[in-house]
Amino acid sequence: YQRRVRGHVQGNMPMLVLLLLQGLMLSEARLIGYHVDDETCSGLGNNRTDQELRCAAYFDSLVNLSASLKAHSAGLPSPLKLIVDAGTGWVCPIGSGVQCFNMTYGGETKSVAAHVVDLSDEVVLMDYDTNPTQVIARAEGYLAYSHSPKVVNIGLAIANLGDPAAWWQTRSEAELAAVMNSALPALRKYPTFQGYSVFVGGAWRNQSEHSPAPQGTVFPQSGVWYVDHAVILDTALRDAWLGWARSRSVSAAYIAPHHGDPILIGAGAKNEQLFCDFIRLADKQGIDVSLYSSPDVDAHFIQTCQ
């Protein structure tokens with residue numbers, strides 16, 4: 001077999017193999033895993049029995065999802081991860097004055113936070129605040145407990161442009177970056193700290209386009225909750241989003257493929273191919289894509305988008 005390279009015919013087999021491997025690497029799409037947001041179990045409140053029932057069901061669901069991800073990882077370049085959104089109050093600190101209690105699961109009694117770290121591969125802590133000191137204080141329980149290869153992302157929030165900001169939302173892109181950079185040295189002391197996540201990606205991008213942070217602002221590595229499906233399915237909008245993501249050091253995107261109009265999986269081959277193209281280009285740029293969905297529902301997509 002021969003291949004024409006730069007106008008010349010080459011019959012060198014090692015070179016041919018290298019070129020083929022390079023082509024495969026460029027075309028590979030890497031979906032890293034599945035994302036869970038279930039806040040029915042927290043270990044908080046006055047009804048312990050209710051929480052025990054809810055948490056037992058929640059922990060079982062995480063175990064079952066992990067097993068499903070393992071089964072659907074067969075033949076993939078790397079195993080699918082379980083990524084879980086978690087609440088700051090789930091740590092249940094002693095002497096906090098908060099009505100909370102630990103849970104027994106799998107023969108071990110510990111906080112909901114500890115169980116979630118144990119049962120997942122990655123945690124995204126919904127640590128929304130504008131005070132870096134508070135962000136650090138609430139994150140430390142998770143970071144101190146977690147251990148490699150577990151990782152923890154710290155979630156912050158930004159208000160929509162023109163909307164009044166809640167107390168837990170940063171008011172601008174400049175304030176978002178300031179909170180990130182202020183908390184960063186303390187968070188980096190923990191080996192399992194992976195970066196930030198921003199709720200939500202659309203609000204952040206809107207702020208950055210109409211009221212950007214000052215030129216030269218440094219943005220630490222961050223994931224984003226959600227990407228507009230219309231952006232994913234329009235190549236021009238997609239490329240513009242990827243350019244913005246590169247400029248803001250976006251390193252992950254959490255996408256709900258079955259929620260939104262149009263849906264990305266199950267609505268025909270064209271949408272699925274465009275979604276797969278988005279995942280491939282994002283991966284090439286260093287952006288990990290995970291889905292709010294079920295691997296059982298998306299089985300065909302998992303295997304074909306590779």
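Scroll up to find the structure this text is about.
All of the points below concern the structure found in this document. (Residues numbered from 1 in each chain as written. Predicted model: local features only at pLDDT ≥ 70, side-chain atom pairs only at ≥ 80, totals over all residues. Heavy atoms only, no water.)

Put simply, the largest pocket is a space of about 210 Å³. Tallied by class, residues from the lining of the largest pocket come to 4 nonpolar, 3 polar and 3 charged. (1 Å grid on protein atoms, 1.4 Å probe; cavity = no way out; pocket = protein on both sides within 12 Å on 5 of 7 lines; lining within 4 Å. Points joined across faces, edges and corners; volume = space filled by probe spheres on them. Nonpolar A, V, L, I, M, F, W, Y, C, P; charged D, E, K, R; others polar.)

What follows concerns helix 9 (residues 269-284). Here helix 9 contains 16 residues, and its C-alpha end-to-end distance of 22 Å stays within 8% of the 22 Å for a straight helix at 1.5 Å per residue. Looking only at helix 9, the buried set comprises N271, E272, L274, F275, C276, D277, F278, I279 and A282. Those residues of helix 9 that are buried are in contact with strand 3 (31-36), helix 7 (229-233), helix 8 (235-247), strand 11 (250-255), strand 12 (288-291) and helix 10 (299-304). Positioned one or two residues after helix 9, G286 has a phi angle of 90°, which is positive. (Helix = DSSP H or I, 4+ residues; strand = E, 2+ residues; numbered from the N terminus. Expected span 1.5 Å × (residues − 1). Buried < 20%, exposed > 50% of the residue type's maximum accessible area, 1.4 Å probe, protein only. Contact = heavy atoms within 4.5 Å.)

Relative to the elements of secondary structure, P149 occurs in the loop between helix 4 (132-145) and strand 8 (151-157). Taking relative accessible area as the criterion, P149 reaches 69% and is therefore assigned exposed. Each C-alpha atom of the pair P149 and E122 lies 8.7 Å from the other, and the pair is 27 residues apart in sequence.

This part is about the packing of helix 4 against helix 5 (residues 173-187). Between helix 4 and helix 5, the shortest axis-to-axis distance is 9 Å and the interhelical angle comes to 40°. On the basis of the axis angle, helix 4 is oblique to helix 5. When you trace helix 4 past helix 5, the crossing you get is right-handed. Along its contact with helix 4, which presents P132, V135, I136, A139 and L143, the element helix 5 presents V179, S182, A183, A186 and L187. (Axes fitted to C-alpha atoms, helices over the stretch in contact; angles between N-to-C directions. Parallel < 35°, antiparallel > 145°, perpendicular 65-115°, else oblique. Left-handed = near helix turned anticlockwise from the far one by under 90°.)

Let us look at the state of the cysteines. Cysteine pairs can be linked by a disulfide, which is a covalent bond between their two sulfur atoms. On inspection of all chains with the given rule, the structure shows 3 disulfides. Residue pairing for C41: its cysteine sulfur links by disulfide to C55, the two sulfurs lying 2.1 Å apart. Between C41 and C55 the disulfide shows an S-S torsion of about 100°. By sign, it is right-handed. Of this pair, C41 sits in the loop between strand 3 and helix 2 (48-72) while C55 sits in helix 2, and the two are 14 residues apart along the sequence. The exposure class of C41 is buried, given its relative accessible area of 0%. Each sulfur of the disulfide joining C276 and C305 lies 2.1 Å from the other. Of note, the bridge from C276 to C305 carries an S-S torsion of about 100° and is right-handed in sense. In this pair, C276 sits in helix 9 while C305 sits in the segment after helix 10, placing the two residues 29 residues apart along the sequence. As far as the burial class goes, C276 and C305 line up, both buried. (Disulfide = S-S within 2.5 Å.)

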